[in-house]
Amino acid sequence: MLCAALAPWAISVICVAAVVAVAGLYALGCYIGFYLIIVRPPLVSADKPNPLMGDDFVGFVKKTREDAVIMQKLEREPVEVVTRDGLTLRGEFYRAAEPSDITIVCLHGYNSNAYGDYSTRGLSYLHSGYNVLLANHRHHGKSDGKYIGFGVLDRHDVLKWVEAAAKLVPGGKIFISGVSMGGATAMQCSCLALTPDVKGIIEDCGYTTVRAEVEYLAKKMFGFVPKLTIKFIEFYMRKIAGYGMSEADSREAVKHSKVPILFIHGTEDEFVPTFMGNECYEACTAPKELVLIEGAGHAQSYYRDAAKCAEAVNAFISRYK
């Protein structure tokens, strides 16, 4: 009845306004998606676990916190690097108990920090006699930056951390270690202009591309997310954060890796699925090794089987140092 009482032009105006309103709400929803992915992701903790992190997640977090307390009591040196776009990134350097010429640059994962992913691993590296440089990515920890780089931006930052490690231990040998987003970052820097003192990369549960990871998680968490939504979120990423989801492909990077790579992945990883690790391993043309940790969820390889991980890492470093 109402429509019959309105002039045709009024109906057209209402229809256009409705379409504009729906489009505006959709664009706002996509912006919120961008914000929650790149700017302020929801907190994930033992009190608020993500089911995709695996059954051992609560115990893993408890162990991580305990090891972080131990590590933070050790003597360390603050380290700062300045990125090519002018951000100051902050980390900490631990020297091995006995003088060592091997330094491991440690790259943490998404929405975490250096101690969140490298307290347990860091202690293992120190106990094995290596120096440890804990790096905080842009927009993580105490580092500068408004947006998470997902490895696309961070891969270039790694070169700065390598420079810092070389100054801390002149004439030393450097290995780059990364977990999750840090693992992807490590792989994606493998084809860049690494200095000769970088002898190898140790990557754990890194993804193939940001797009593949976002699409995978969206499907796992929400059942279905239209590709148009992903494209809109990427539009905001490009316009605001300055990069797109497919700009850095770990598989393409390791095809041109300049150094050997040790791949580690948990067989029960549902956050960055094990098949992504396998794809990266298969694509790698440099000397490579693959270690699968049975029953390990995301980023929990050391928690599940520290001995096997340490043995693989020590053998890899001994082989290529």
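In this text, all values refer to a predicted model and were calculated from it rather than measured experimentally.

### Structural notes on the overall build of the protein chain
Each helix and strand in the protein chain was counted, giving eleven helices and eight strands. On C-alpha atoms alone, the protein chain measures out to a radius of gyration of 22 Å, which is about the 20 Å that the 2.2 N^0.38 rule sets for 321 residues. Taking the intrachain contacts of the protein chain between residues at least 6 apart in sequence as the baseline, contacts between residues at least 24 apart amount to 75%. For the protein chain, the computed accessible surface area is about 14,900 Å², with 60% contributed by carbon and sulfur atoms. Averaging the locations of the 34 positively and 35 negatively charged side chains of the protein chain gives two centres separated by 5 Å.

### Brief notes about the environment of V272
Relative to the assigned elements, V272 resides in the loop between β7 (261-266) and α10 (274-283). Judged by relative accessible area, which is 1%, V272 ranks as buried. Separated by 67 residues in sequence, V272 and C205 place their C-alpha atoms 6.4 Å apart. With residues up to four places along the chain from it excluded, the contact list for V272 reads S180, C205, G206, Y207, E213, H265 and H298.

### Thoughts on the environment of E80
Counting through the fold element by element, E80 comes out in strand β1 (residues 77-82). It is 29 Å that separates the C-alpha atoms of E80 and S318, two residues lying 238 residues apart in sequence. Here R90 takes part through its side chain, which lies 3.4 Å from a polar atom of the side chain of E80.

### Considering the side chain of S190
Residue placement: S190 occurs in the loop between α6 (181-188) and β6 (198-204). Among the polar contacts listed, one links the side chain of S190 to the backbone oxygen of M187, at a separation of 2.6 Å. Beyond its immediate stretch of four places on either side in the chain, S190 contacts I201, A253, V254, H256, S257, K258 and I261.

### Focus: the sheet that holds β7
With mixed pairing, the eight strands of this open sheet are ordered in space as β1-β2-β4-β3-β5-β6-β7-β8. The open sheet has two edge strands with one neighbour each: β1 and β8 (288-293). Averaged over all neighbouring strand pairs, the angle between strand axes comes to 20°, with direction disregarded. Relative to β7, β6 runs parallel, the two being bridged by four bridges. In the strand pairing of β7, E203 is matched with F263. Of the strands in this sheet, β2 (88-94), β3 (102-107), β4 (131-135), β5 (173-179) and β6 touch helix α4 (residues 114-127), which is tilted by about 175° from β4.

### What to know about the packing of helix α3 (residues 57-72) against α4
The geometry of α3 relative to α4 is characterised by a closest axis approach of 8 Å and an angle of 60° between their N-to-C directions. Classified by the interaxial angle, the pair formed by α3 and α4 is oblique. Here the hand of the crossing between α3 and α4 comes out left-handed. Between α3 and α4, the contacting residues are K63, T64, D67, A68, I70, M71 and Q72 on the first element and Y115, G116, Y118, S119, T120, G122, L123 and L126 on the second. Tallied by class, the residues present in the contact of α3 with α4 amount to seven nonpolar, six polar and two charged.

### Observations concerning a nonpolar patch on the surface
A cluster of nonpolar side chains, contributed by L25, L28, Y31, I32, Y35, L36 and I240, occupies part of the molecular surface with about 600 Å² of accessible area. The biggest single contributor to the nonpolar patch is helix α2 (residues 8-39), with six residues. With respect to the helices and strands, the residue L36 is situated in helix α2.

### Description of the packing of aromatic side chains
Scanning the entire structure with this criterion turns up 16 aromatic pairs. Centre to centre, the rings of Y31 and F34 are 5.7 Å apart; their planes meet at 45°, and the pair counts as tilted. Of this pair, Y31 and F34 are both found in helix α2, three residues apart, which corresponds to roughly one turn of the helix. Where Y31 meets Y236, the ring centres are 5.4 Å apart and the plane angle is 80°; that geometry is what we call edge-to-face. Taken together, the residues Y31 in helix α2 and Y236 in helix α8 (residues 227-241) connect sequence positions 205 residues apart. According to the relative accessible area criterion, Y31 is partly exposed, its value standing at 32%. The exposure class assigned to Y236 is buried, which follows from its relative accessible area of 16%. Connected via pairs of aromatic rings, a cluster forms that spans Y31, F34, Y35, Y147, F235 and Y236. Geometry around Y118 places R121 over its ring, the cationic atom sitting 5.9 Å from the centre. The ring of Y281 has K288 sitting right over it, with the charged end atom 4.5 Å from the ring centre.

Conventions and cut-offs
Residues numbered from 1 in each chain as written. Predicted model: local features only at pLDDT ≥ 70, side-chain atom pairs only at ≥ 80, totals over all residues. Heavy atoms only, no water. Helix = DSSP H or I, 4+ residues; strand = E, 2+ residues; numbered from the N terminus. Rg over C-alpha atoms; globule rule 2.2 N^0.38 Å. Contact = heavy atoms within 4.5 Å. Areas by Shrake-Rupley, 256 points an atom, 1.4 Å probe, with all protein chains shown as cover. Lys, Arg positive; Asp, Glu negative; His and termini not counted. Charge placed at Lys NZ, Arg CZ, Asp CG, Glu CD. Buried < 20%, exposed > 50% of the residue type's maximum accessible area, 1.4 Å probe, protein only. Polar contact = N/O pair within 3.5 Å; in protein donor to acceptor, adjacent residues only side chain to side chain. Pairing = 2+ DSSP bridges. Axes fitted to C-alpha atoms, helices over the stretch in contact; angles between N-to-C directions. Parallel < 35°, antiparallel > 145°, perpendicular 65-115°, else oblique. Left-handed = near helix turned anticlockwise from the far one by under 90°. Nonpolar A, V, L, I, M, F, W, Y, C, P; charged D, E, K, R; others polar. Patch = residues over 30% accessible without salt bridge, like charges linked within 9 Å, V, L, I, M, F, W, Y side chains within 5 Å. Salt bridge = Lys/Arg side-chain N within 4 Å of Asp/Glu carboxyl O. Phe/Tyr/Trp six-rings, centres within 6.5 Å; stacked < 30°, edge-to-face > 60°. Lys NZ or Arg CZ within 6 Å of the ring centre and 35° of its normal.

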